[in-house]
Each structure stands twice: as structure tokens, then as C-alpha cells.
Amino acid sequence: MHAADQDEQDGGGDTELIGELSLHSDTFRRMWADHDVRAHATGTKRLQHPLVGDLTLDYVVLATEDDPDQTLIILTPEPASPSADALDILASWTNTSTTAPDAPEQTHNPTS
């Protein structure tokens, strides 16, 4: 409700409900004032990747109070799941060596 209320700054129906609950419940008023649900959200996303197919990923959204428009979204598959295997396949395609290949040995022919 906090997140929805923040999105409806122009006074939507949620604002009226929150006001009504706050008038009639000290507990709700205290909990509403203390709880910042914009700090995170969780859930599951189902995606269709064109190369590896269906992915089911759990997500966590983290936001800061100082800048609620800036968020960090973390998506993770269940360990040892088909989604984890699919992500491993994708990761292997982008895995490149950070070291330069060994240069071939050069033989020196000293000129006399």
C-alpha cells in the first residue's frame, strides 16, 4: 500500500482508505508511519528467452529512502533448476579469457 500510495500523489482511492484506517486505528497509524515497503519487493518472474527457453527467476527489488527512483533488482534462479542450467549456458557463451594467449616462441637467427 505504501508503494501504491506514493504513486498516487494526486489523492486516489488508496489515500482515502489509508486516511480512514488511520483515523480509526492507533495500531494502523503507528504501523503505517514506521513501515517503508518501498525499501524492497520480492516475487517471481517468468521470462521467455529466445535461445534457452523458459526462465523462472526469483527477484528482490531494493530501493533507498534518499532516492526512491533508483533501484537495484536482483534476479536469481532456484539452485540446480532448469532455469539455473539455462543461465549457465548463456554465461558460458559470454565467458571469455581475460589473459592474452601465449605468443608463439620466436627463434632468433643471429646474423654474422
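Scope of this entry: the structure provided in the associated data block. It should be emphasised that the depicted structure is a prediction, and the values quoted were computed from it without experimental measurement.

**Looking at the overall build of the chain**
Okay, step 1: Summing up its helical and strand segments, the chain has four helices and three strands in all.
Okay, step 2: Order of helices (α) and strands (β) in the chain, N terminus to C terminus: α-α-α-β-β-β-α.
Okay, step 3: By the burial criterion, 16% of the 112 residues in the chain qualify as buried.
Okay, step 4: Expressed as a percentage of contacts within the chain between residues at least 6 apart in sequence, the contacts between residues at least 24 apart total 28%.

**Overview of the side chain of serine 83**
Okay, step 1: By the secondary structure assignment, serine 83 is in helix 4 (residues 82–94).
Okay, step 2: Overall, serine 83 belongs to the buried group, its relative accessible area being 7%.
Okay, step 3: When neighbours within four sequence positions are excluded, serine 83 is seen to be in contact with Asp54, Leu55, Thr56, Leu57 and Pro77.

**What about a nonpolar patch on the surface?**
Okay, step 1: A surface patch of nonpolar side chains, about 350 Å² in accessible area, is lined by Leu51, Ile89 and Trp93.
Okay, step 2: As for its position among the elements, leucine 51 is in the loop between strand 1 (40–49) and strand 2 (53–63).

**A word on the packing of aromatic side chains**
Okay, step 1: Following the criterion strictly, the structure yields zero aromatic pairs and no others.
Okay, step 2: Sitting over the face of the ring of tyrosine 59, lysine 45 holds its NZ or CZ atom 5.2 Å from the ring centroid.

**Describing the environment of leucine 75**
Okay, step 1: With respect to the helices, strands and loops of the structure, leucine 75 is situated in strand 3 (residues 71–76).
Okay, step 2: Residue classification places leucine 75 among the partly exposed positions, given a relative accessible area of 43%.
Okay, step 3: Leucine 75 sits 30 residues away from lysine 45 along the chain, and the two C-alpha atoms are 8.4 Å apart.
Okay, step 4: Residue contacts for leucine 75: discarding those within four places in its chain leaves Lys45, Leu57, Asp58 and Tyr59.

**Some words on helix 4**
Okay, step 1: Taking 1.5 Å per residue, 13 residues should reach 18 Å; helix 4 reaches 19 Å between its end C-alpha atoms and fits that length.
Okay, step 2: Those residues of helix 4 that sit buried are Ser83, Ala84, Ala86 and Leu90. Projected down its long axis, helix 4 carries its buried residues within an arc of 160 degrees, all on one side. With respect to the buried face of helix 4, the exposed residues turned more than 90 degrees away are Pro82 and Asp88.

Analysis parameters
Residues numbered from 1 in each chain as written. Predicted model: local features only at pLDDT ≥ 70, side-chain atom pairs only at ≥ 80, totals over all residues. Heavy atoms only, no water. Helix = DSSP H or I, 4+ residues; strand = E, 2+ residues; numbered from the N terminus. Buried < 20%, exposed > 50% of the residue type's maximum accessible area, 1.4 Å probe, protein only. Contact = heavy atoms within 4.5 Å. Patch = residues over 30% accessible without salt bridge, like charges linked within 9 Å, V, L, I, M, F, W, Y side chains within 5 Å. Areas by Shrake-Rupley, 256 points an atom, 1.4 Å probe, with all protein chains shown as cover. Salt bridge = Lys/Arg side-chain N within 4 Å of Asp/Glu carboxyl O. Phe/Tyr/Trp six-rings, centres within 6.5 Å; stacked < 30°, edge-to-face > 60°. Lys NZ or Arg CZ within 6 Å of the ring centre and 35° of its normal. Expected span 1.5 Å × (residues − 1). Arc of directions from axis to C-beta.

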